[in-house]
Amino acid sequence: MSALYRFLRYISWPTIAGLLMAALALLLFPQALNHHNDMETGGLSPDVSNSWEGPVSYSSAVRRAAPSVVNIYTQKTLERPRHPLLDDPFFRRFFNSSNLPQQQRMESSLGSGVILSREGYILTNNHVVASADEIVVQLQDGRETMVKVVGSDPDTDLAVLKVDLDGLTPAKIGDPARARVGDVVLAIGNPFGVGQSVTQGIISATGRNGLGLNTFENFIQTDAAINPGNSGGALVDAHGNLLGINSAILDRTGYSVGIGFAIPANTAMKVLQDIVAHGYVIRGWLGVEASPLTREAALQLELDPPAGLVITNIYINSPAHLAGLQPGDIITRINDYWVVDNERSMTLIADLSPGDSVKLEVVRNGEKSTIMAVAGTRPATGS
């Protein structure tokens, strides 16, 4: 016992002294403990490090997507308005103003576009190139060339251009259907003509419609800055995949305030493929005119959800007419989708291919029924 006692007494003082020194060090240098925790969690709290990781740079995404984005420069010739005095009878007594040459002026505008094939097909907004007499595109590598317009689709505000150049880099197509609110996105274009620029933001909303911008609307909304000159440019995800074609901003000043809209890439690709193959976009059609059912009427009919479309007119020999639909019928469901508004329903039908079967759930005189129709071809705009 005496030997054990001497041994314990021998080691007790160094141990106690070590513990006292450690306690003193923590009191004097508390950051040492925080540093140890940071080393274990990568500088984040345990909860954050396990649930989220974000890149410190999107340069890889930009390097992947930027070569596919082009700057577009257009010019159009406009007739200057005649001075009112030239058409005044008193003034015309002195000389024949009808022989005066009509003055003209050139108007220039800016935009952007996205290369979508190695064959040289480029998508941009229709409003960027509409009525232009001359269109020039500039690639990221500095090459410039004249382009021709293959076709346009005013209903979605898209146009297809064609360039004859080698070494093109088509955009990598993403999946807009999987895009979520809060996802990081990058807008690439030529704002104000300063040259290709990149802005960063998030997806603010998906499926935006009813804005009155286009006939068919299914916009991706973003707060990435979109300014004049960005129209027709690319909206890409954090990996550089194309999610949409930047199209419009919602602001009376004409400058970005964090509400911008892009046409989803899948919609844009269908427009491109149809225009290249057929010269116009092929869309499904039923041949009805309809208006939204009021919520009060829907509740009275015990509709769940309380929504529907009331058919107000049917075109003779249209698919709806041949299927037996009648004015006054209330459409509550199209295939697997509830009818919630006119715009979405019209888009659902337009997305069909001619010949596709359409199952319509209809309320007629208070009775529910199912009517099968066959989608036709939507007449071209203006016809």
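To keep things clear, this report deals only with the structure shown in the data block. As the structure is a prediction and not an experimental result, all values here were calculated from the model.

### Remarks on the overall build of the protein
Next up, step 1: For the protein, the helix and strand inventory stands at 10 helices and 21 strands.
Next up, step 2: Taking all 383 residues of the protein together, the buried fraction comes to 36%.
Next up, step 3: Summarising the internal contacts of the protein: among those between residues at least 6 apart in sequence, 61% fall at separations of at least 24.
Next up, step 4: For the protein, the exposed area adds up to about 22,000 Å²; of that, 54% sits on carbon and sulfur atoms.

### With respect to helix α10 (residues 342-350)
Next up, step 1: The complete set of buried residues in α10 reads S345, T347, L348, I349 and A350.
Next up, step 2: The N-cap of α10, judged by a side-chain oxygen 3.3 Å from the amide nitrogen of E343 a few residues on, is D341.

### Side note on the side chain of D274
Next up, step 1: Its place among the elements puts D274 in helix α7 (residues 265-278).
Next up, step 2: The class for D274 is buried, based on a relative accessible area of 12%.
Next up, step 3: Not counting chain neighbours up to four residues away, the residues in contact with D274 comprise G279, Y280, V281 and I282.

### A look at a nonpolar patch on the surface
Next up, step 1: Together, L250, V257 and I259 give the surface a local cluster of nonpolar side chains, amounting to about 240 Å² of exposed area.
Next up, step 2: Turning to its location among the elements, I259 is positioned in the loop between β12 (242-249) and β13 (260-264).
Next up, step 3: The class for I259 is partly exposed, based on a relative accessible area of 30%.

### Structural notes on α7
Next up, step 1: Under the 1.5 Å per step criterion, the end-to-end length of α7 is 20 Å for 14 residues, consistent within 8% with the ideal 20 Å.
Next up, step 2: Every buried residue of α7 is listed here: A265, A268, M269, V271, L272, D274 and I275.
Next up, step 3: Contacts made by the buried residues of α7 are with β3 (121-125), β6 (148-153), β7 (158-162), β12 and β13.
Next up, step 4: Remark: G279 follows α7 within two positions and exhibits a positive phi of approximately 90 degrees.

### Regarding the environment of F192
Next up, step 1: Looking at the secondary structure, you find F192 in the loop between β8 (184-189) and β9 (197-208).
Next up, step 2: Separated by 35 residues in the primary sequence, F192 and N227 place their C-alpha atoms 7.2 Å from one another.

### So, the sheet that holds β8
Next up, step 1: With respect to topology, 6 strands assemble into a closed barrel ordered β8-β9-β10-β13-β12-β11, the strand pairing being antiparallel. Averaged over all adjacent pairs, the angle separating strand axes in this sheet is 45 degrees, with direction ignored.
Next up, step 2: Where strand β11 (residues 234-237) and β12 come together, 3 bridges link them in antiparallel fashion. Along β12, the bridge assignment pairs V236 with L242.
Next up, step 3: Strands in contact with α7 are β12 and β13; relative to β13, the strand with the most contacts, it is inclined by about 50 degrees.

Cut-offs applied
Residues numbered from 1 in each chain as written. Predicted model: local features only at pLDDT ≥ 70, side-chain atom pairs only at ≥ 80, totals over all residues. Heavy atoms only, no water. Helix = DSSP H or I, 4+ residues; strand = E, 2+ residues; numbered from the N terminus. Buried < 20%, exposed > 50% of the residue type's maximum accessible area, 1.4 Å probe, protein only. Contact = heavy atoms within 4.5 Å. Areas by Shrake-Rupley, 256 points an atom, 1.4 Å probe, with all protein chains shown as cover. Polar contact = N/O pair within 3.5 Å; in protein donor to acceptor, adjacent residues only side chain to side chain. Patch = residues over 30% accessible without salt bridge, like charges linked within 9 Å, V, L, I, M, F, W, Y side chains within 5 Å. Salt bridge = Lys/Arg side-chain N within 4 Å of Asp/Glu carboxyl O. Expected span 1.5 Å × (residues − 1). Pairing = 2+ DSSP bridges. Axes fitted to C-alpha atoms, helices over the stretch in contact; angles between N-to-C directions.

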